[in-house]
Structure formats: C-alpha cells, structure tokens
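# A structural walkthrough
What follows is the residue order along each chain.
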Amino acid sequence: SQQGEEDPQALSIQEGENATMNCSYKTSINNLQWYRQNSGRGLVHLILIRSNEREKHSGRLRVTLDTSKKSSSLLITASRAADTASYFCLLSGNTPLVFGKGTRLSVIA
Amino acid sequence: DAGVIQSPRHEVTEMGQEVTLRCKPISGHDYLFWYRQTMMRGLELLIYFNNNVPIDDSGMPEDRFSAKMPNASFSTLKIQPSEPRDSAVYFCASTRGDGPLHFGNGTRLTVT
C-alpha cells in the first residue's frame, strides 16, 4: 500500500503567521488529498489535487503538487487558533488508503 | 445528508467481552473503510469493502477481529474476545470511487 509521509511532525506558530507542511511519497498517484483532524474527532477532508494539477486553492488553503519530486505542500495563510489540529495527506492511486502519522499544528493566540 | 454515522460513541467493556461497533455509510458510496487510531500506532487501516465485499483485511490485527457488510447501508466491526490493548478510537469512513473520504465521529473503545 502507498503512504505519504508528512513533515514536520509538529509545528508551532503564532496566530496570523503562515503554516506550511509537506507530504512526500514514493509511488505514482491519481490524486492527493489533505485532511484535518481536531482532537478526538474524525478526519475532515480539506482539499483534493489531481496528478495533472500543480496548484489548488480553497479559502486560506493552498496546495501544491510536484509529481516529479513526488511531493506536495499545504499552506495555511493567516493562521488562527482554530487551525490547531493534525493534518494528514492521503494518496489515491490504488486502494487501500493508508494515512501517515500527520503533522501536528499548534497555533498560539 | 447525515454523513457517516457510527455507534456507539463510547464503549467501555471488560476484558473478554464481545464488542460490536456499527457504521452507516453515506448513501451511494461504494467504498467503506474501518480505521483504528491510537497514540502509539497512529491511524491504521483495518479493512475495507467495495460494493459490500471485503477487499483487503490484511490490517485486521488477529482472528479476534471480524467485519461484515451485509448491505450497502450497514457495516459492523466485532471484537471477540476483547483485550485491553484493543482500546482505541475506531473510525468508519466511506467514499465513492477515488473521491474524498467521509469519516464518522468514531467510537472510543475502552477495555478494562
């Protein structure tokens, strides 16, 4: 099964700053998805980027995909305390869908 | 749409007891996944179904775990007998094709 690896494992920033987290992988993909998990809750889908796309935006989120480097990044601009959560990338090419360990983001007010 | 519905939200049981977790996926979704999450092991894929058929159960820890999907709107994950190391949050998720996963709120299982 294919699995993305998120980096860094943990990130702590001040409110208003931008947060960037990365996902690297080893196999070919159809699309790559980013999810957020607030403590004790189920994961929530944030954004999906297809293998033929290079960049995608959704509100304060910006995702890039570089298939030549097999990596993706998630940028959260003007972070808020409510953005404190764990963030996971998920590769889609063939099921099963396996998550990495995620990046734990703490936004300090 | 009500989303993916899991029950119960919390389950506390004694070692050796049978535990049954339930999941109702979103109508029209053809894939259903069971995950387990712990601090030590993170989010583990246990089993997934496509059109009610189990496709890959290689993540099921041992024979004490079993999962069924008798129809498109219902799935169960059973642990018999339960052990303290089974304590975790169990998530069910569904999707259509290779679209985004929709997660339930999970069942927090505590085995004493």
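Residues numbered from 1 in each chain as written. Chains lettered and ligands numbered in written order. Predicted model: local features only at pLDDT ≥ 70, side-chain atom pairs only at ≥ 80, totals over all residues. Heavy atoms only, no water.

## Focus on the environment of L45 of chain B
Residue and element names in this part refer to chain B. Checked against the element boundaries, L45 lands in strand β5 (residues 42–50). For L45, a relative accessible area of 14% puts it in the buried group. Separated by 37 residues in sequence, L45 and P8 have C-alpha atoms that sit 20 Å apart. (Helix = DSSP H or I, 4+ residues; strand = E, 2+ residues; numbered from the N terminus. Buried < 20%, exposed > 50% of the residue type's maximum accessible area, 1.4 Å probe, protein only.)

## Points about the interface of chain B and chain A
With 18 residues of chain B at the interface, the matching set in chain A holds 21 residues. The junction of chain B with chain A conceals about 1500 Å² of combined surface from both sides, 55% of it contributed by carbon and sulfur atoms. Taken together, the links from chain B to chain A amount to 0 salt bridges. Linking chain B with chain A are 3 residue pairs in polar contact (both at pLDDT 80 or more). Every element with two or more residues in the side of chain B that touches chain A is listed here: β4 (31–38) and β5 of chain B. Among the elements that take part in the side of chain B that touches chain A, β4 of chain B stands out by supplying 4 residues, more than any other. Looking at side-chain class alone, the side of chain B that touches chain A contains 10 nonpolar, 4 polar and 4 charged residues. (Contact = heavy atoms within 4.5 Å. Buried area = accessible area lost by both parts, 1.4 Å probe. Salt bridge = Lys/Arg side-chain N within 4 Å of Asp/Glu carboxyl O. Polar contact = N/O pair within 3.5 Å; in protein donor to acceptor, adjacent residues only side chain to side chain. Nonpolar A, V, L, I, M, F, W, Y, C, P; charged D, E, K, R; others polar.)

## Some points on the confidence of the model for chain A
On average, residues of chain A score 92 in pLDDT, and 96% of them are at 70 or above. Looking over chain A, one finds the lowest element-wise mean pLDDT in strand β1 (residues 5–7) of chain A, namely 91, and the highest in strand β7 (residues 61–66) of chain A, namely 98. (pLDDT = per-residue confidence, 0-100.)

## Focus on the sheet that holds strand β7 (residues 65–71) of chain B
Working definition: the strands of a sheet are paired by backbone hydrogen bonds and lie parallel or antiparallel to each other. All names here are of chain B. With antiparallel pairing, 4 strands are arranged side by side in an open sheet as β1-β3-β8-β7. Edge positions in the sheet fall to β1 (5–7) and β7, since each of these pairs with one other strand and no more. Direction aside, the axes of adjacent strands within the sheet are offset by 15° on average. (Pairing = 2+ DSSP bridges. Axes fitted to C-alpha atoms, helices over the stretch in contact; angles between N-to-C directions.)

## Topic: the pairing of strand β2 (residues 10–14) of chain A
All names here are of chain A. In β2, alternate side chains face the same way, and those of L11 and I13 are buried while those of A10, S12 and Q14 on the opposite face are not. Two elements, β2 and strand β10 (residues 103–108), share 5 bridges in a ladder whose sense is parallel. The partner of S12 across the bridge, within β10, is S106.

## Some thoughts on the state of the cysteines
Counted under the stated rule, the structure contains 2 disulfides over all chains. Residue pairing for C23 of chain A: its cysteine sulfur links by disulfide to C89 of chain A, the two sulfurs lying 2.1 Å apart. Negative torsions about the S-S bond denote left-handed disulfides, and the value of about 65° found for C23 of chain A with C89 of chain A makes this one right-handed. You can see C23 of chain A sitting in strand β3 (residues 19–24) and its partner C89 of chain A sitting in strand β9 (residues 85–92), a full 66 residues away along the chain. Residue C23 of chain B pairs covalently with C92 of chain B via a disulfide, S to S 1.9 Å. Between C23 of chain B and C92 of chain B, the S-S torsion sits near -65°, and that sign places the bridge as left-handed. Here C23 of chain B, found in strand β3 (residues 19–24), pairs with C92 of chain B, found in strand β9 (residues 88–95); they are 69 residues apart in sequence, far enough to count as distant. Judged by relative accessible area, C23 of chain B falls into the buried class, the value being 1%. Take C92 of chain B: its relative accessible area is 0%, and that puts it in the buried class. (Disulfide = S-S within 2.5 Å.)

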